[in-house]
Amino acid sequence: MREHGEICRGCCVGDFARSRAKALKDIKARLPLRRRAGMPRFKKKDLARPSLNYSRRGFRLKDGRLHLACGIVLTVVWSRQLPAAPSSVRLYRDALGHWYASFVVPARVEPLPATGRVIGIDWGVAQIATTTSDEHDLAHAGYGRKAAERLARYQRMMARRKPQPGQSASKGYREARRQAAKAHRKVARQRQDAARKWAKKVVRDHDVLAVEDFRPKCLAKTTMARKSADAAIGTIKAELIAMARKHRRDLRLVHPAHTTMDCARCGARAKHALPLSERTYTCTTCGAVSPRDKNSARVMLIRAGLAPAGADRVRPDRPPDSQAA
């Protein structure tokens, strides 16, 4: 066990060194703050979940069992067969105390037949994804809101049974914490499952995807923080990017600046930003009227160098300087 502990500390030190080196490299290169890798932070022992990383020399697979360094042999319950030989493995424990092994293998590419269709995607909170195709819009399922009552019950149980500093947690406190972790895990899995199914549908039906490069972090300190967190835009966006890469679809990220102010028909830009309460976009130049999010989705296509169906005389980026002034 002593040798195993030394390996654990070595893995943590190696991860810390790589993270710090990457952060210093970004600082030296003078990258913008939003593109820099942050400096690694230390976590308290009771808050950090244990994890181990092993490179190719530190593990091997034999007869369906995982052999780690120092003679440690683990029986793994496989969710699926590995498509190729893994280059590394990460062992980690979740909030329920279950251990998982995550293997790094080369990604398989499964090209899909061409469809000749394109789609623009705009992110939101009331409706998570608004697209140029009505049948591919993604509604807000509200998994977190549905589980809020059950979570609040377990959290009240934890608050009543919270141990005093220096005392061990009671059996009731541990059980309430376990039930709360179970509810959180169910909500996370529901969000991920819905994201994967929607991403697969979008990627299967379209060759080119123009996606708003939206960062949900900007909503974390607003009044919409809880609803935006329940929408899990970051998870859905990551699944869409991974699915497009897997099936060799052309995905283009579009900068979100002024997408709600530009007209998808004539390219004119409104002089003032639209308030969130105004859900209909009306162009003062050409008179076009459309739902606000649908107009933004069509703007994504135009900025990505594509033309939405039914739109003519579209401009690829921005209105002329005379109109912008």
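For the structure, see preceding data.
Residues numbered from 1 in each chain as written. Predicted model: local features only at pLDDT ≥ 70, side-chain atom pairs only at ≥ 80, totals over all residues. Heavy atoms only, no water.

Caption draft 1: Looking closely at the sheet that holds strand β6 (residues 99-104). With antiparallel pairing, three strands are arranged side by side in an open sheet as β1-β5-β6. Every other strand in the sheet has two partners, leaving β1 (51-54) and β6 as the edge strands with one partner each. Strand-to-strand twist in this sheet, taken as the mean axis angle between neighbours without regard to direction, amounts to 15 degrees. As paired elements, strand β5 (residues 88-93) and β6 share six bridges and run antiparallel to each other. Its bridge partner lying in β6, Leu 91 is registered against Ala 101. (Pairing = 2+ DSSP bridges. Helix = DSSP H or I, 4+ residues; strand = E, 2+ residues; numbered from the N terminus. Axes fitted to C-alpha atoms, helices over the stretch in contact; angles between N-to-C directions.)

Caption draft 2: Layout of the packing of helix α3 (residues 148-160) against helix α4 (residues 171-205). Where α3 contacts α4, the axes come no closer than 8 Å and their chain directions differ by 155 degrees. Taken together, the axis directions place α3 and α4 in an arrangement best described as roughly antiparallel. For α3 against α4, the interelement crossing comes out left-handed. Contact with α3, carried on its side by Arg 150, Leu 151, Tyr 154, Gln 155, Met 157 and Met 158, involves Tyr 173, Ala 176, Arg 177, Gln 179, Ala 180, Ala 183, His 184 and Lys 186 of α4 and no other residues of that element. Residue classes in the contact of α3 with α4 are distributed as eight nonpolar, three polar and three charged. (Parallel < 35°, antiparallel > 145°, perpendicular 65-115°, else oblique. Left-handed = near helix turned anticlockwise from the far one by under 90°. Contact = heavy atoms within 4.5 Å. Nonpolar A, V, L, I, M, F, W, Y, C, P; charged D, E, K, R; others polar.)

Caption draft 3: Up close: the pattern of salt bridges. Inspection of every chain in the model, using the stated rule, returns 15 salt bridges. The partner of Arg 204 in a salt bridge is Asp 205, and the shortest N-O contact between them spans 3.7 Å. Among the residues examined, Arg 204 registers a relative accessible area of 42% and is labelled partly exposed. Put simply, Asp 207 and Arg 249 hold a salt bridge, and the shortest N to O gap is 2.9 Å. In this pair, Asp 207 sits in the loop between α4 and β9 (208-212) while Arg 249 sits in the loop between α6 (233-246) and β10 (250-254), placing the two residues 42 residues apart along the sequence. With respect to class, Asp 207 is no different from Arg 249; both count as buried. (Salt bridge = Lys/Arg side-chain N within 4 Å of Asp/Glu carboxyl O. Buried < 20%, exposed > 50% of the residue type's maximum accessible area, 1.4 Å probe, protein only.)

Caption draft 4: The sheet that holds strand β2 (residues 59-62), seen in detail. Read from one edge to the other, the open sheet built from three strands follows the order β2-β3-β4, with strand pairing classed as antiparallel. A strand with exactly one partner marks an edge of an open sheet, and here the two such strands are β2 and β4 (72-75). Recorded for the sheet is a direction-independent mean angle of 25 degrees between the axes of neighbouring strands. By the bridge criterion, four bridges tie strand β3 (residues 65-68) to β4 in an arrangement that is antiparallel. For Arg 65, the partnering residue across the bridge sits in β4 and is Thr 75.

Caption draft 5: Expanded view of helix α7 (residues 292-303). The terminal C-alpha atoms of α7 lie 17 Å apart, and with 12 residues this matches the ideal 16 Å at 1.5 Å per residue to within 8%. Counted residue by residue, α7 has 10 buried out of 12 residues, so it is predominantly covered. The positive-phi residue at the C-terminal boundary of α7 is Gly 305, with phi of around 85 degrees. (Expected span 1.5 Å × (residues − 1).)

Caption draft 6: Layout of the nonpolar core. Within the largest apolar cluster, 22 residues are counted, with the highest numbers of intra-cluster contacts made by Ile 121, Trp 123, Trp 198, Leu 209 and Leu 240. Within the residue set of this core, elements represented by two or more residues are β7 (118-123), α4, β9 and α6. (Core = buried A, V, L, I, M, F, W, Y, C linked by side-chain atoms within 4.5 Å.)

Caption draft 7: Up close: a positive patch on the surface. Taken together, the side chains of Arg 153, Arg 156, Arg 160 and Arg 161 present a region of like positive charge at the surface. Its location among the elements puts Arg 161 in the loop between α3 and α4. Residue Arg 161 is classed as partly exposed on the basis of its relative accessible area of 36%. (Patch = residues over 30% accessible without salt bridge, like charges linked within 9 Å, V, L, I, M, F, W, Y side chains within 5 Å. Areas by Shrake-Rupley, 256 points an atom, 1.4 Å probe, with all protein chains shown as cover. Lys, Arg positive; Asp, Glu negative; His and termini not counted. Charge placed at Lys NZ, Arg CZ, Asp CG, Glu CD.)

Caption draft 8: Spotlight on the state of the cysteines. Under the definition given, this model contains zero disulfides. Free of any disulfide, Cys 263 has its nearest neighbouring cysteine sulfur in Cys 283, separated by 3.7 Å. Cys 266 carries a free sulfur, and the closest cysteine sulfur to it, the one in Cys 283, is 3.6 Å from it. Classification of Cys 266 by relative accessible area gives buried; the value is 14%. (Disulfide = S-S within 2.5 Å.)

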